[in-house]
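# Secondary and tertiary structure notes
Residue-level listing of the chains:
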Amino acid sequence: MTKFKASLRQVVGRKFPKVIALSKDVLYYKYYSEQKMTGKAVAVKQLADSVESLSYSDFVGKGPSPIVPKSPKTHAILEINTTCNIDCLMCKTSLSTRKKGKIEEAKLIQILDRYHSEGVRTVALHTIGDPLANPRLGVVFRELRKRKMRAGISTNGLLLHRFIDLFSQYQDVCSLIRFSIDGSTKPTYEKIRFGGEWEQLIDNMNLAKESFKKNGMTLEVAMVVSKDNVAEIGDYIVRFREYTRHPVRDMSFGLMNSLAPDTTYFEEANLFPEVTYLNQNCHAMTASTVFSHLGGEFSLCCRDYDGSLQIGSLIESTPKEIRGGDKLKEIREHYYANNFEKLPLCGNCRVVDRRINTMFSRLMSLMLFRFPEETSEFYQEHVNTICKILSSKEGLSENISKFVSDDLRFNLPQ
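Now for a description of the structure that goes with this document. This is a predicted model, so every value here is computed, not measured.

For the protein, the helix and strand inventory stands at 18 helices and eleven strands. Within the protein, buried positions represent 54% of all 414 residues. Counted over contacts in the protein with a minimum sequence separation of 6, partners at least 24 positions apart contribute 76%. On the protein, the mean spot of the 58 positive side-chain charges and the mean spot of the 49 negative ones are 8 Å from each other.

Okay, here's the thing in structure tokens:
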């Protein structure tokens, strides 16, 4: 986005916030057309073909990936606090050994200046700490506005009531918030989102619905799918779709990975253990995404619980200089040699086959596109079928084709 466009969007966002919402609707109808969604259906079929014909190792490739991004990145990640108000089972932020705290204003300014000079225009503030656990979020928004930069926020949403007026003042900086909600019932939600209160969540969802509608902001909801909540997805869709503007766009479902250093919960609740692998050729090893810790340390990964994946200082050096340094070279040498004694976080990082994860997410999207107003029972029946199909490689491509064509009513090319 050019500086002029960024300035124009900032002015429009502050003076006429609903115009931003309308512009999002225009893009919605562009990207969620029958033609576009049919293309996604075809892509799902191609992924199924790939699972049948290629091992996961061959799919992700072997050997070191390039370090320097092919094109300038306009997106970066900034950790504004290492604290969280709850301790979710799949994240277990309590296991982080890095110093707990919030970003100092001087460091914030230095890091944002670095980002701005690198052409970054959007900064994600969500890391293993919840951004709403930082009481000085307004300072962050203020500094982003000065640089005509925008924020992305994913949160458990339990502290939103403290900031509802702030978001109304900075919708030009942050026009979208994603609530991470992993259950449609109080017992399931409070088990997974350990320390969270269901009633507070619903209160804040209602607060967001009322406030965001007036301010032109978008509310998204996201579920990390596991054995504990997969049977609630149908009810989840019906319960939370009323808070979204376009459910197919604003509701997302992704499979769990072994994010925390302690993988016990992942091993217990992983839906697809038979297609779970060491996270080979991880994109983090390309150092393409600029991710700053509190002190300006460039880290490779959002799950850097102990600082062992820090490769340099963004206060002292540019991303290009850091990528050319010895620390990244050393980490990559250990990683590609499978020397995980030196990289324990990488050694226990496991993911469900990326193709399976992508197919699951896209099939959910296709279902919501085709059937936006069905019952919870209808959705759950389809979810159960999706899980059954993805659980077996045998006949995967044929079963996917039949499901997409017959159940979701998309015309696949013969």
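Residues M251, F253 and L255 point to one face of strand β6 (residues 251–255) and are all buried, whereas S252 and G254, pointing to the other face, are not buried. Of the pairings in the sheet, the one linking strand β5 (residues 218–225) to β6 comprises five bridges and is parallel in character. Within the sheet, the bridge partner assigned to V224 lies in β6 and is G254.

All chains considered together, the criterion is met by 15 aromatic pairs. A centroid spacing of 6.3 Å and a plane angle of 65° characterise the contact between W198 and F240, whose relative ring orientation is edge-to-face. Here F240 lies in helix α10 (residues 233–240) and W198 lies in helix α9 (residues 198–215), a separation of 42 residues in the sequence. Both residues of the pair, W198 and F240, count as buried. Ring centres of Y335 and Y336 lie 5.0 Å apart, and the angle between their planes is 90°; this geometry places the pair in the edge-to-face category. Its relative accessible area of 6% is what places Y335 among the buried residues. An aromatic cluster is present here, built from Y189, W198, Y236, F240, Y243 and F253 joined pairwise through their rings. Stacked on the ring of Y243, the Lys or Arg K209 has its end atom at 5.6 Å from the ring centre.

This next bit is on the nonpolar core. If you look at the biggest cluster of nonpolar residues, it comprises 121 residues, and the most contacted ones within it are Y115, L137, F141, F167 and F253. For this core, the leading source of residues is helix α16 (residues 354–370), giving nine residues.

Following both chains from N to C, one finds helix α3 (residues 34–53) and helix α18 (residues 396–407) inclined at 165°, their axes separated by 8 Å at the closest point. It follows from the interaxial angle that α3 and α18 lie roughly antiparallel. For the pair α3 and α18, the crossing hand works out as right-handed. Of α18, the residues touching α3 (which contributes A41, V44, K45, A48, D49, V51 and E52) are L396, S397, I400, S401 and V404.

Turning our eyes to something else, we now look at the side chain of T188. Position of T188 relative to the elements: it lies in helix α8 (residues 186–192). Of note is the side chain of T188, whose polar atom sits 3.2 Å from the side chain of T185.

In this section: α10. Looking only at α10, the buried set comprises I233, G234, Y236, I237 and F240. Mapping the buried residues of α10 onto a view down its axis gives an arc of 165°, with all of them on the same face.

As a further point, take the environment of V26. Looking at where V26 falls in the secondary structure, it is placed in helix α2 (residues 17–31). Separated by 66 residues in the primary sequence, V26 and K92 place their C-alpha atoms 39 Å from one another.

Before going further, it helps to examine the pattern of salt bridges. By the definition in use, this model includes 21 salt bridges. Close ionic contact of R245 with D25 constitutes a salt bridge, the shortest N to O distance being 2.6 Å. Placement of the pair is R245 in the loop between α10 and α11 (247–250) and D25 in helix α2, with a sequence separation of 220 residues. Taking relative accessible area as the criterion, R245 reaches 49% and is therefore assigned partly exposed. Classification of D25 as buried rests on a relative accessible area of 10%. Salt-bridge contacts for R142 lead to E105; the nearest nitrogen and oxygen are separated by 2.7 Å. Taken together, the residues span a long stretch of sequence, with R142 in helix α6 (residues 137–146) and E105 in helix α5 (residues 105–117) at a distance of 37 residues. Relative accessible area serves as the criterion here: at 29%, E105 is assigned to the partly exposed category.

Bringing the packing of α5 against α6 into the picture now. In the contact formed by α5 and α6, the axes pass within 11 Å of each other and the chain directions differ by 30°. As judged from the angle between their axes, α5 and α6 are roughly parallel. Between α5 and α6 lies a crossing of right-handed hand. Each of E105, L108, I109 and L112 in α5 lies in contact with α6, whose residues at this interface are V139, V140, R142, E143 and L144. Class assignment for the residues of the contact of α5 with α6 results in six nonpolar, no polar and three charged.

Locating E79 in the fold gives a position in the loop between β1 (75–78) and α5. A distance of 2.7 Å separates a polar atom in the side chain of E79 from a polar atom in the side chain of R98.

Counting through the fold element by element, P131 comes out in the loop between β2 (122–124) and α6. Classification of P131 by relative accessible area gives buried; the value is 0%. When the C-alpha positions of P131 and T155 are compared, they lie 6.8 Å apart, and in sequence the two are 24 residues distant. Discounting residues that sit within four places of it in the chain, P131 has contacts with I80, N81, L125, H126, L137, I153 and S154.

Conventions adopted
- Residues numbered from 1 in each chain as written.
- Predicted model: local features only at pLDDT ≥ 70, side-chain atom pairs only at ≥ 80, totals over all residues.
- Heavy atoms only, no water.
- Helix = DSSP H or I, 4+ residues; strand = E, 2+ residues; numbered from the N terminus.
- Buried < 20%, exposed > 50% of the residue type's maximum accessible area, 1.4 Å probe, protein only.
- Contact = heavy atoms within 4.5 Å.
- Lys, Arg positive; Asp, Glu negative; His and termini not counted.
- Charge placed at Lys NZ, Arg CZ, Asp CG, Glu CD.
- Pairing = 2+ DSSP bridges.
- Phe/Tyr/Trp six-rings, centres within 6.5 Å; stacked < 30°, edge-to-face > 60°.
- Lys NZ or Arg CZ within 6 Å of the ring centre and 35° of its normal.
- Core = buried A, V, L, I, M, F, W, Y, C linked by side-chain atoms within 4.5 Å.
- Axes fitted to C-alpha atoms, helices over the stretch in contact; angles between N-to-C directions.
- Parallel < 35°, antiparallel > 145°, perpendicular 65-115°, else oblique.
- Left-handed = near helix turned anticlockwise from the far one by under 90°.
- Polar contact = N/O pair within 3.5 Å; in protein donor to acceptor, adjacent residues only side chain to side chain.
- Arc of directions from axis to C-beta.
- Salt bridge = Lys/Arg side-chain N within 4 Å of Asp/Glu carboxyl O.
- Nonpolar A, V, L, I, M, F, W, Y, C, P; charged D, E, K, R; others polar.

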